[in-house]
Structures are given as C-alpha cells and as structure tokens.
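Secondary and tertiary structure notes
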Amino acid sequence: MDLPEIVRPRDLADAVRLTGEGGKPLVGGTDLFVRLRKGAERPPFLVYVGELPELRGIHETEGGVEIGAAATHVEILSAPATAQLPILRLALATIGSPALRHMGTLGGNVVNASPAGDGLVPLYLLGAQVNVVGPARERSLPVEEFVLGPGRTALQPGELIRSLTIPLPRDGAHPYFRKVGRRQALLIAVASLGALVWVEDGAVREARLALGSVAPTVLRPREVERALVGRPLTVEALAELRDALSSAVRPISDLRASADYRRRVSGNLLLDLSSLASG
Amino acid sequence: MAVETQQGGAVGQSVRKVDGPSLVAGKPLFTLDLDIPGSLVGAILPSPHAHARIVSVDTSAAEQVPGVRAILHHGNVPRVPYTTAGQGWPEPSPYDTVLFDTKVRFVGDRVAAVAAETEDAAAEALARIRVEYELLPPILSPEEALAPGAPIIHDEPDAEGIYDASHNIAAAVDIPIGDAAAALAAAPVTAEATCEIPYSQHATIEPHCVIAYFDDAGRLVVRTSTQVPFHVRRIVARVVGLDPARIRVVKPRIGGGFGSKQEVLLEPVAALLALRTGRPVRMAYTRQEVFVASRTRHPMKVTVRLGATKDGALHALEMDVLSNTGAYGAHALTVLSNVGSKTLPLYNKAPHVHFHGRAVYTNLPVAGAYRGYGATQGYFALEVAMDKLAEKLGLDPVELRRRNYIRVGETSPIFEKIGEGREGTAQIVRSCALEECLRIGAERIGWREKRGQRREEGPWVHGLGMACAMQGSGITGVDMAAATLVMQDDGSFRLLVGATDLGTGSDTILAQIAAQELGVPVDRVLVYSSDTDFTPFDTGAYASSTTYVSGNAVLRAASDVRAQILDVAAAALGERASALELAAGVVRSRKSGKSLTLSEIGHRATYVTDQRQIAATASFACPESPPPFAAFFCEVAVDRETGVVRVERFVVAADCGVAIHPQAAEGQLEGAVLQGIGHALCEEMLFSPRGRCLNAGFFDYKIPSSLDAPAIEAILVPSEEPTGPWGAKSISEVGINGPLPAISNAIYDAVGARMVRAPFTPERVRFALGVIP
C-alpha cells in the first residue's frame, strides 16, 4: 500500500488550515488505514492531530465530561472522570481488541459514523455534543444531528472534531450494553442494544434505548422508550413492546446476518433488560 | 570428550521442544526467511469467472512492463494432467488438473503466472494480461452438478481417473455389508440425521510459500512450506518435466498445515518460472489467495440412519454422503472413503452396514485434506443420530455408546472393505481405553447432575452434550517412513528423518523415541527433518501418521544402533553383548561391573579399533492403523432471545496409547477442539451468486480467538498399543471430530432444537427456536 504523506501540524489553527486543503485528520488510523488500503478513500495527505493539546485530555466540566477527539478508548476507559459514565465504559470495553482500543479514538468512532460503531451507542444514550472546529468558527451539535448516515457526517470541508461533551445522566441509571455476533473478540456486531433505565418502586421511570447495526445510523426508538415508562422490568411486560421495537428498526441484510434476524433480535434484546431488575 | 548427562526415561516426559528456543528467539527458520540474492517475485493471475473457456491470452502489454522476466500461460507451458494432492503411489486422486488450462473452473483458478524483479512490476504485469473468456454457466452446488443436463465441468479428454466426468462425479464409493435397508425397515427403533458442513479454512498462520533456486551444481532446490516434501519432488519433476534426480526439496520450519499443505500448489509454478528465467523465484499466497486458491475442507451433506433393538444394540447402520470437491478432485475419493472408514468401525456390532457416497465437482474452490479428513463430517451426522436414537430408546447417550463401541480384540468389516480409495486392511483393535474416557469425561463435566436440567440464567439456558470418535494412525498399505540414526565420534547422535514437523512437535517426539532406546537424554539426539537430499523417505505428515509410522521407523533404527553399540562395547570389554546394559549414557556389564561411556564407544569405533560408522537406516511400512479414541463432553449456554451459543466448558478425554510427550498431545487435543468449535459456531465461507468468495480474509471470516476459547480440559487416558513405538498411537486429528456433534447435542439438551447445519450461528439457532421466546 502506498500511504499518503503524513504531515504534523504546528497547532490547532495549522491543523484546520491543512484539513481545509484536503488533508485527512489522523490519530489511531484503525479505520482510516483499512479504508486507504481498500482504496475506499484517497486523500492527498494525512494530518496527524494526535499530539495537539486541544484534542487531548479527558476532564470534568460543569455537569459533564469533555473528551478530546484524540483520546484513545483505553485513555477514556481509565480516566477517573468517566467513572461517572458506566454506560460509556461498558460499550468502549467491547470495542475490537486491546490493540485497537489502545490506538483507536472515540472521536474517530464518531467521524467514521458506522451504524455498528460501539462507541456511538452510549453517546446517543447520553445526548453527547460534538464540538467541531473549522476555519471560520467553532460549533457544537448533538451527536444525533452530527451523524447523517453510514460514513456521512455534518462535518463541512475544513472542519474537524475537537472534542465531545457528555452530560452526566441523572443519578440512579441502570446501564445495559450488549452486542450480538458469532464470537466475542474483534467482532462487528450483528445487532447491539444499549440502555439507561431509571427504576422507581418497581416500575420504569425513564428509559433511553439505543440500537446499533440495525439502521443507517444508531437509533433511539423514542416511542418504545416512552412506552416503557410505568412498566415493571419483567420479561412479560417487556415482551409486550418487543414487536414495537422490531418495527422501529430499519436493518439491512449483509454477510453477517439477514435483516429479518436483526429485526427479531432487536426486539428480543429488549427482554434482556429484565436482568436490570435484579442487578 | 563430551560430558555424559544423566537422564533416562525420555518417553512420557514433556521435554522442551527441540526447536523451541530458536522459534522463541525469532531465528530465521521459515521458508521465506531465506533471502536469496537476485530473487524474482512470482505472482498468479486468478480467474474472475467461475466457469469459462479461455478464448485468447494476450501478454504483449504485460511483457512491456519493466522488470518482467517471464510469463506462463496455457500457450507456452506443456500440458501434463496431474493431481495437486500430495499422496502415495498409485495416486488415488484423479488427474484432472494441468498447470495452465484453456478452461477456468472457479473464481481464483490459475490463468497465468508472472516472474518479475519486484512485486509492483509483477502486479502491473498481471493487470496488463488481456484474457478473453467465453462464459459458461457455473455450477454452485452439488445438487446442481448432479441435475440432468448440467454443464460438464471436466470435459477435457486427457483427464484420468475421474469416476464419471459426464455427470460431474469425481469419485464414488458403495460398500454394502449385509442388507442394511431391510434391517432398517425391520428394526424396532430407528433414528436418522442429515448434517451439513460448509466450506471452511485451515487458517494456518503461515500461508503457502516457496522459493525455487539453483544450487552450485545447477540442481533445482525447492524450499517450501509443505507437509509432503517427497511427494513435492515426485510431482514437480513430472509436471515440469525435469529428472527427479535434479530436484532437491527442503522443508524448513512450517507455520501450520492441518492438511492444506498436503498439496502441491505453488511449487511447480515457481520451479517453472525459475527454469525459464534461470533466476531464483519466491512466491507466497496472499491470505485472500489462501482462502480461494489453496484448499478447504470438503463441504458435505451426510445422512445417517440407525436401526437398533429395544435394548440399544445397533443392528443396522447406513451412511449416505454427498461431498463437494469443488473444481478439482484433490483428495476427492480418499476423503469420501474416510467419512465411512474412520467412523463406522466405532460401532462394530451392527451386522448390516451400508456406506454410499459421491464426491461431486462444482465451480467453487477446491477442497482437499483437512484435519479429520472426512471423519469430522461423518461424526457430525453419526453422533447426532446416536443422540436421537438414545432419546428414542430412553437411554443415556453415554450408555448407548457403551453398548456399541468396538472393544479390544474385536474388528469391523469396514477396516477391510474401505481403504484409501481402494480396499483396506483387516485389523483387530489391540488397545482401547474408550470406557475410561467415557467415565472420566462424564464425571468431569457433571453429566449425571447437569444434563437435562435446562438451568436458566435470564435468557440463557444451559445444556450438556457428548460424542465419541476414533481416527487412525497412518494409512495401511500406503504409508512408509524411514529414519537414519548415526552415532558421532563424541557419542552423541544425529537422527535424520523424512518425517515433516509442521509445528506439531514431531522432531521432539522422534528424538524422545530414539533417546529412550539409546538411554540418553533428548538433547544428545540432534534431529534433522526433512530434505530429500539428506533425509530418507517418508510419505509425509498427514493421516495422523508421524508418531506411529515414523516413530516406529526411528525405534527400529535406534534398536539397530543400540545393538551395534553393545557389540563395540562387548569387544572392548571382552564380554558378551548379552551381558551388557545401556542406560544413562553408559554401557555396563552386569557380570563384571566394568563400563564404558557412549563417548568412549564413539571414539573407539571412529578412531581406534575395528573402525566403522555406527549407524542404521530403518523403515516402517504401516501394516495396520491403530485408532486413537476420544470422548467429548461439553456444556453450552443458549440465549433464547438472540440464538447466541456460548460453549461454557469442553472436556475431551482421549486414548492415544502412551503419550510420548504429554504436553504436546494435550496441545493437539486443545487445538483440534478449538478448531472444531470454530466449525460449530462461526466458520463458513460465503459465495456470491456468481461463485465469488465474499469473505476471503479474517476480517469477515471469523475463527475463534482467545477470548472465545472456553475452558478446554484435555485429559489423556493411557492405554498401551502393542504395535506402537513405546505403546503410542496418534492424537493429531481425533480431537476435531467431537465438537460439532457434541455442541449440537448440547444445544438440543438446552433448548430442544436440533442444529444440523454448521455453523450454528445466532441466526440459525434463533430460527430453529421458532417464534416462541
């Protein structure tokens, strides 16, 4: 493979300028190099932004956590600030393999915009904001508006992600994350479900659900979330909403599984939330 | 003089592997680690079509690419029908292959080859070869191949040994014993299972690779990653048209074979490119090429029908096989034969047996040898059918096996009726510890307490399953191994073997077998394998043969050398050889107590009196093939909601006679079981409607990783095989036969769904569970 030249910007402004010239930002390269190798992408040069201080670091802000776009999954998993975000840790711990988690970044996961992106599921659940820096201005938009489709984002030419701001959820949320596939390691999920559920007096007070690999983007089935409110977390009660969830998803058939299976499993995974009642 | 170290009893000890330290240190030991100056790079142009006639090949643009030194295609290479299967003589696979044909038969078939100064130049040249194809309708399943009026894949007139080319049948076997149909119809209880296995990969770490170069005398040296160096020499000579005496094949360290390298693929191409250019040529398959252009397991559909009396005695056994050999018939007949010959004797009590099978051509990748060699496919159906029969009888599946398996002193007519593509050899079983294997395995997994309990944990339901299997130890009437053992002047030994260590540890095991006989520690025996110029013949590392067949040759050579040592010592000490004993590097007289060290004896024979080389070459031809036995038990958890199957524990108890190197034997079991779990849960090559492999690489074709490996408990249950070297039998294949049926049976125990099509993916399991949660 002939790699494009890699340039190292002096500072963030330089990185923005180089990106504006068509350079592709690079940190871990775990997705990018695969795409370059396949010839799926042919940028004139790469901009290594992994050492820019503005893109690094994970720190608490008022009411949330800010994660630099160049922070690796391992850094995020071990940062004290993310202890308050167990759902994020649950999901990131299932990404790829140790090697991939050491190289790959959450920012990269977001910009890659894969419907199977394990890192995106918790960001959807938590209502994360994507902070973008560009030649003219900085702007901030919810992850659900940032991701437009498989591999498509709201990034304009010359823009790059600076950081992600994740608001802390209200206390008492039960986190749930599971992905389904043929094996455990280095797995691209056939379907995944993440959830945050608040329970009061044996009934759901609030529920947030996010599904991966079953639609062009990660999906929040808001009708099902609302319908969960007031129900007990029993298999029977959850089973009543199974069909609703199955019809909320828009899966495709590919090498890994058929659309029918994905639809059915999405609904069935809902039943697994009954495990939160005991935990 | 060398110091004599003290250590006896090499056999049965997990000594350090003789090649361990250099492997760990990353020494340049593998085929491509050798950098020969001036080497060209060889590359192959694959067919983009599943079935087509080549109308023309235009290489003029490719020849213009700077650095291109040779281009081979059907127009400039002699047409010699052969088989790529590296087997003994007479070759049982059909001669249905030529190096470059005027027809392509699968996506990835060889159209042309290039040698160039650089990889880039070779790739550029391949891209510039213009081939005009006339497309033919592709056949993508064995059923289509057998349909009336199907296109004929092998219509070339010069093929030999195809069973029925006009109906796309590469090979067929029909062995009736008694009247199975009538016995089944009359049986009080019957059970039937049809099981399917798809295309799957060996997934060796090292791909197929070769360097062909010329030595100082102008002889062609083929350094290759192979299981069969002597067959490579024979086949390359014939296909390339070179005197075999001008070819030397060197097998260095090998990064795994599992059968995929019992196949002569790149060697004749590299040899021909080297001959055409007069330059060294190196070639290696990319992983994608390994997937589509090397070899796979034979996909099969196997139906087993069992008839039994009410007390569970098998009375009739019928097995019907449809094997997909792909575009060429490498191992078509022999793998097909082994589906029956390695399975049916296990339950030898049935007087009525019928084995029937066909291996059929399709326009898909070529199947070949793969650990288990048909037995794996056969046991899947046989052991699922046994589970069904046990249920119908209301009998514990372990008990059903117990009432039917072959015992010491017994035989099966199958041994004699089915051999490697011809009649086999009658034999009786002389060692069998299956009873112990069943008892220990059942106890270890908790069979009595846990089976049928359907313990639930949320959506997960637990279940237990089991299976039995046997294999062989070498091929009777075919396999022959030889060993040369030389005593040096310092009293140490050189052991030269044609046996081919693929990473299996056979160099170490053969050294142990010799060391035990010679009364020396293993590190006093230097092993060299395998090189057709320097080591004696061996049919190769396949069919679970090395420990038993090559090991027996080594033991014979060692006893001969031992006798020579005692003769020299007897003369030196003035005593009779029968009064002497050899232990711990010292020959001592039981009468006088006088002694000589081995180094003194080596020195004396080499330099002092009655000078001679103490050495022996011995061979062993395989008169019988003692089966190793194994009992497999596993616990699975099945998620009813998603269909995901988790193997919680896997217990395998196996009888390989006396384990020469217990740790290596356990490693063989663990590796085989994990490979079998891959077959059961995730591995499957997928094809487009035009026959292109859709997941040719590890990104989309998943093998179990370390995180997927359950706790595998491998237990060696000793027996003593009287015909084996120090009581040993084989162990390398038997372990892969159990996981498919044992896991299928465990899923049934958990959720009541019979999984008969591998792999048992979440989707298939969920489908089998139906709509109920």
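With that out of the way, let us pick up the overall build of chain B. Check the secondary structure of chain B and you find 20 helices and 27 strands. Taken over C-alpha atoms, the radius of gyration comes to 27 Å for chain B, in line with the 28 Å a tight globule of 773 residues would show. Split into buried and exposed, the 773 residues of chain B put 64% on the buried side. Distance between charge centres in chain B, computed from 72 positive and 86 negative side chains, equals 2 Å.

Let us look at the domain arrangement of chain B. Residue and element names in this part refer to chain B. Structurally, chain B comprises domain 1 (20-29 + 479-621), domain 2 (34-136 + 205-256 + 261-293) and domain 3 (300-475 + 624-769). Summed over both sides, the interface between domain 2 and domain 3 buries roughly 1,900 Å², with carbon and sulfur atoms accounting for 60% of that surface. Of all residues in domain 2, the largest losses of buried area upon contact with domain 3 belong to R105, F106 and F291, amounting jointly to 29% of the total for that side. Viewed at the interface, domain 3 and domain 2 are joined by zero salt bridges. Per-class residue counts for the side of domain 2 that touches domain 3 are nine nonpolar, nine polar and five charged.

Right, let's get into the nonpolar core. Residues and elements named next belong to chain B. Residues L434, F633, F650, I743 and F760 are the most contacted members of the largest nonpolar core, which totals 119 residues. Here this core takes eleven residues from helix α10 (residues 375-393), the largest share from any one element. Residues in contact with L434, not counting those within four places in the same chain, are L346, Y405, C468, F629, A630 and A631. In this structure, A10, I509, V549 and A553 belong to the second largest nonpolar core, which totals 51 residues.

This paragraph deals with the side chain of T343(B). Residues and elements named next belong to chain B. Summarising the element assignment, T343 is placed in the loop between α9 (332-341) and β15 (352-361). The class for T343 is buried, based on a relative accessible area of 0%. Beyond its immediate stretch of four places on either side in the chain, T343 contacts M319, N338, A375, G378, Y379 and L382.

Once that is clear, we can look at the interface of chain A and chain B. Contacts between chain A and chain B engage 21 residues on the former and 28 residues on the latter. For the pair chain A and chain B, the two sides together bury roughly 2,200 Å², of which 56% comes from carbon and sulfur. Among the residues chain A hides against chain B, the three largest losses belong to R182(A), R183(A) and L255(A). Together they make up 33% of the total. Residue R256(A) is joined to D700(B) by a salt bridge in which the shortest nitrogen-to-oxygen separation is 3.5 Å. The interface formed by chain A and chain B includes six residue pairs in polar contact (both at pLDDT 80 or more). The leading source of residues in the side of chain A that touches chain B is helix α12 (residues 259-271) of chain A, at six residues. When its residues are assigned to classes, the side of chain A that touches chain B shows ten nonpolar, four polar and seven charged.

What follows deals with the sheet that holds strand β7 (residues 169-177) of chain B. Residues and elements named next belong to chain B. On the basis of which strands lie adjacent, the open sheet formed by five strands has the order β7-β15-β14-β13-β8 and mixed pairing. Looking along the sheet, the strands with just one partner apiece sit at the ends: β7 and β8 (189-197). This sheet shows a mean twist of 5° between the axes of neighbouring strands, independent of strand direction. As paired elements, strand β13 (residues 300-308) and strand β14 (residues 314-326) share nine bridges and run antiparallel to each other.

Turning our attention to helix α16 (residues 546-573) of chain B. Residues and elements named next belong to chain B. Over its 28 residues, α16 extends 38 Å from the first C-alpha to the last, a length consistent with the 40 Å expected when each residue adds 1.5 Å. At N552, α16 shows its largest kink, close to 25°. Most of α16 is tucked away: 20 of the 28 residues are buried. Remark: G574 follows α16 within two positions and exhibits a positive phi of approximately 65°.

So, on to the pairing of strand β27 (residues 711-716) of chain B. Consecutive residues of a regular strand have side chains that alternate between opposite faces of the sheet. Residue and element names in this part refer to chain B. One ladder, built from six bridges, connects strand β26 (residues 645-655) with β27; its direction is parallel. Across the sheet, A653 pairs through a bridge with I715, a residue of β27. In terms of handedness, the path from β26 via helix α18 (residues 662-681) over to β27 forms a crossover that is right-handed.

Residue and element names in this part refer to chain A. Parsing chain A into structural domains produces domain 1 (5-48), domain 2 (55-167) and domain 3 (174-278). Each of domain 2 and domain 3 has a C-alpha centre, and these two points are 22 Å apart. Counting residues at the interface gives 22 residues for domain 2 and 22 residues for domain 3. At the boundary of domain 2 and domain 3, one finds two salt bridges. Our count for the contact surface shared by domain 2 and domain 3 stands at six residue pairs in polar contact (both at pLDDT 80 or more).

This part takes up the pairing of strand β3 (residues 45-48) of chain A. All names here are of chain A. Looking at chain direction, strand β1 (residues 5-7) and β3 are connected through three bridges and run parallel. Residue pairing in the sheet places E5 in a bridge with F45 of β3. As paired elements, strand β2 (residues 24-26) and β3 share three bridges and run parallel to each other. What sits directly across from P25, in β3, is V47. Handedness of the crossover joining β2 and β3 through helix α2 (residues 32-38) is recorded here as right-handed.

Quick look at the packing of helix α15 (residues 506-518) of chain B against α16(B) now. All names here are of chain B. In contact at an axis separation of 8 Å, α15 and α16 are set at 30° when each is read in the N-to-C sense. For the pair α15 and α16, the sense of crossing is right-handed. Residues S506, I509, L510, I513, A514, E517 and L518 of α15 form the contact with α16, whose participating residues are T546, T547, S550, G551, V554, L555, A558, S559, V561, R562 and I565. Partitioning the contact of α15 with α16 into residue classes produces ten nonpolar, six polar and two charged.

What counts as what
- Starting afresh in each chain, residues are numbered from 1 along the sequence in its written order.
- For naming, the first written chain is A and the first written ligand is 1, with later ones following in the order written.
- Local features in this predicted model are restricted to residues whose pLDDT is 70 or higher, and side-chain atom pairs enter the listing and the counts only when it is 80 or higher, whereas totals over whole chains, interfaces and linings include all residues.
- To obtain the side-chain values, all non-hydrogen atoms of the structure were used and water was disregarded.
- Numbering of helices and strands starts at the N terminus; helices are DSSP runs of H or I of at least 4 residues and strands are runs of E of at least 2.
- Put simply, the radius of gyration uses C-alpha atoms, and a globule should come to 2.2 Å times the residue count raised to 0.38.
- The buried label applies to any residue whose accessible area, calculated with a 1.4 Å probe on protein chains only, is under 20% of its type's maximum; exposed applies above 50%, and partly exposed to all values in between.
- Charge assignment: positive for Lys and Arg, negative for Asp and Glu; neither His nor the chain ends contribute.
- Working definition for charges: the position is that of NZ of Lys, CZ of Arg, CG of Asp or CD of Glu.
- Boundaries of every domain are those given by an automatic assignment or by a domain database.
- Two parts placed together each lose some accessible area under a 1.4 Å probe, and the buried area is that loss summed for both.
- Basic side-chain nitrogens of Lys or Arg form a salt bridge, by our definition, when they fall within 4 Å of a carboxyl oxygen of Asp or Glu.
- Basically, the charged four are Asp, Glu, Lys and Arg, the nonpolar ten are Ala, Val, Leu, Ile, Met, Phe, Trp, Tyr, Cys and Pro, and anything else, Gly included, counts as polar.
- Only buried Ala, Val, Leu, Ile, Met, Phe, Trp, Tyr and Cys residues count toward a nonpolar core, and they belong to the same one when joined by side-chain atoms within 4.5 Å.
- By the convention used here, residues are in contact when the closest approach between their heavy atoms is within 4.5 Å.
- Residues adjacent in sequence count toward polar contacts only when both atoms are side-chain atoms; beyond that, a polar contact is any pair of N or O atoms within 3.5 Å, and within protein one must be able to donate a hydrogen and the other to accept it.
- DSSP calls a pair of strands paired once it identifies at least 2 bridges connecting them.
- Angles shown run from 0 to 180 degrees and are taken between the N-to-C directions of axes, each axis being a line fitted to C-alpha atoms and, for helices, limited to the stretch in contact.
- Multiplying 1.5 Å by the helix residue count minus one yields the expected span of that helix.
- Here the bend at a residue means the angle between the axes of two seven-residue stretches, the one that ends at it and the one that starts at it.
- Seen with the strands pointing away from the viewer, any crossover whose path from the first strand over the helix to the second strand runs clockwise is right-handed.
- Rotating anticlockwise by less than a right angle from the far helix to the near helix defines a left-handed crossing, while the corresponding clockwise rotation defines a right-handed one.

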